[in-house]
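Inside the fold
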Amino acid sequence: MRVVVCVLSLMFSSAIFANEDSLFIRKIFDEALENGQAHDNLRSLCKDIGARITGSAEAKMAVKWGEKLLKSYEFDRVYLQEITVPHWERGTKEAAWIENESGEVQKLNIIALGGSVGTEGLITGDVIQVESIEELEKLGESAVRGKIVFFNKAFDQKLIQTFRAYGGCIAQRHEGTNVASKMGAIGVVIRSLGTSKDDHPHTGSMHYEAGVDSCAGAAISTNDADVLESWLKKGNVSLSMEMDCRHYPMEQSHNVIAEMKGNQDNKIITFGGHLDSWDVGEGAHDDGAGIVHSIEALRILKYLGYQPKHTLRCVLFMNEENGNFGGKNYAKLCSEAKEEHICAIETDRGGFLPIGFDVMGSQEQLELVQSYKALLNGFQLYKFQAGYSGVDIRPLQEYYPEMIQLGMSISSQRYFDFHHAETDVFENVNKRELHLGAAAMATMIYLMDKSL
């Protein structure tokens, strides 16, 4: 009889604990949806500051913006963490056009890839088209030297998970120009990494090996890529392009950090997004949304009077886009300070509808997060599976291999319409979806703090 009573008592206690969690999570969502501040904060970041590539005046302004906003919420501690970041500028607006054998000319919508060298004036060359680095290498140096290489691999539209489609094309952006340079090409253009057919080219990081005689790399819009492809089917096409990109010495910047202190120990849960963006658009989805998600999550927990077990640390990382010096240095400094980190959560997939969290960790850690399914199903958070966490927090695992990491998962079907393009502006972020994302972040922070 005593055994039965004990079992029933445990079951009853568990049900009460789950009910308390559900009620508190309901309060999180109510506060976000009725009184949320994320949308107003995003408007300020996008309209008062704008695009925020590291090394720019706007990036410096964003650090001050973040510090002031965090201090206004009177968190336990707000401070700057000094880091060193690269400084690259695209210079004057890029220009390019194509000409076919009949003398027809068409202007291209073109944008330099982040980190590209300039053309040092106008360059013109015959175009050769490939769909992969492997295909380019098979052509051999003699076929590539003196040419402009057109990487034309498109998103696989059959893939439901658009980040998988992006991953299938990213090599042409990140490595294509470097490989073409080594083979003697005078320039590279790539089909923009986007799901839609439009006239907006998408930039993004690229890489050169040390000592390579580098040529310029750029992206053209998906519509222009279709035109160039169709012209090449009919005969030879030349491409002319001019870019004025510049590299400058590394310079000082900062991660911006706020904390709510734990009342049981000094263990740390890190969460955040990246404050920098590319220099086109306003960095609204990438990653202004993640920044305001994270700030709002901490605000909501403080407003609701939550007393965390562990220290909750919100980090506005600098320089995710072209080097990840913010994330790398944060992890290194945490290790040097002998801090104990148990969890990290990132939101860097836009301000779209949240659907769950991807988990990097052990099977036991994955099962822990999956045990929240019943609790979170009513809030339409249902996707909890093994996956990637985030660029900014990933370096922490080098120093804390036992920690759990999570990346907020969103409905990604429209994300690559705006990613790294001039269309990534405040007007293209839905207020309700953004506030639901902030609530989802606050909820997962709360559950991790209670569970770990």
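Report follows, based on the coordinates. (Residues numbered from 1 in each chain as written. Predicted model: local features only at pLDDT ≥ 70, side-chain atom pairs only at ≥ 80, totals over all residues. Heavy atoms only, no water.)

The subject of this paragraph is a nonpolar patch on the surface. A surface patch of nonpolar side chains, about 270 Å² in accessible area, is lined by Trp 97, Val 105 and Leu 122. For Trp 97, the location among the structural elements is in strand E2 (residues 95–100). (Patch = residues over 30% accessible without salt bridge, like charges linked within 9 Å, V, L, I, M, F, W, Y side chains within 5 Å. Areas by Shrake-Rupley, 256 points an atom, 1.4 Å probe, with all protein chains shown as cover. Salt bridge = Lys/Arg side-chain N within 4 Å of Asp/Glu carboxyl O. Helix = DSSP H or I, 4+ residues; strand = E, 2+ residues; numbered from the N terminus.)

Counting buried positions along strand E7 (residues 187–191) yields five of five residues, so the element is predominantly enclosed. Because side chains alternate across E7, one face comprises the buried residues Gly 187, Val 189 and Arg 191, and the other comprises Val 188 and Ile 190, equally buried. Two elements, strand E6 (residues 148–151) and E7, share four bridges in a ladder whose sense is parallel. By the bridge assignment, Phe 151 is partnered in E7 with Ile 190. (Buried < 20%, exposed > 50% of the residue type's maximum accessible area, 1.4 Å probe, protein only. Pairing = 2+ DSSP bridges.)

In space, the eight strands of this open sheet follow the order E1-E10-E12-E11-E13-E16-E14-E15, with mixed pairing throughout. The two strands at the open ends of the sheet, each matched to only one other strand, are strand E1 (77–89) and strand E15 (383–386). Strand after strand, the sheet turns through a mean of 20° between neighbouring axes, direction not considered. Bridge count for strand E13 (residues 341–346) against strand E16 (residues 404–410) is four bridges, and the pairing is parallel. (Axes fitted to C-alpha atoms, helices over the stretch in contact; angles between N-to-C directions.)

Okay, the sheet that holds strand E9 (residues 237–242) next. One open sheet holds the eight strands; their spatial order is E3-E2-E9-E5-E6-E7-E8-E4, and the pairing between them is mixed. What marks the edges here is a single partner per strand, and that holds for strand E3 (105–107) and strand E4 (110–112). For this sheet, the mean inter-axis angle between neighbouring strands, taken without regard to orientation, is 30°. For strand E5 (residues 123–130) and E6, the ladder comprises four bridges, and the chain directions are parallel. Residue Ile 128 lies in a different strand from E6, and its bridge partner there is Val 149.

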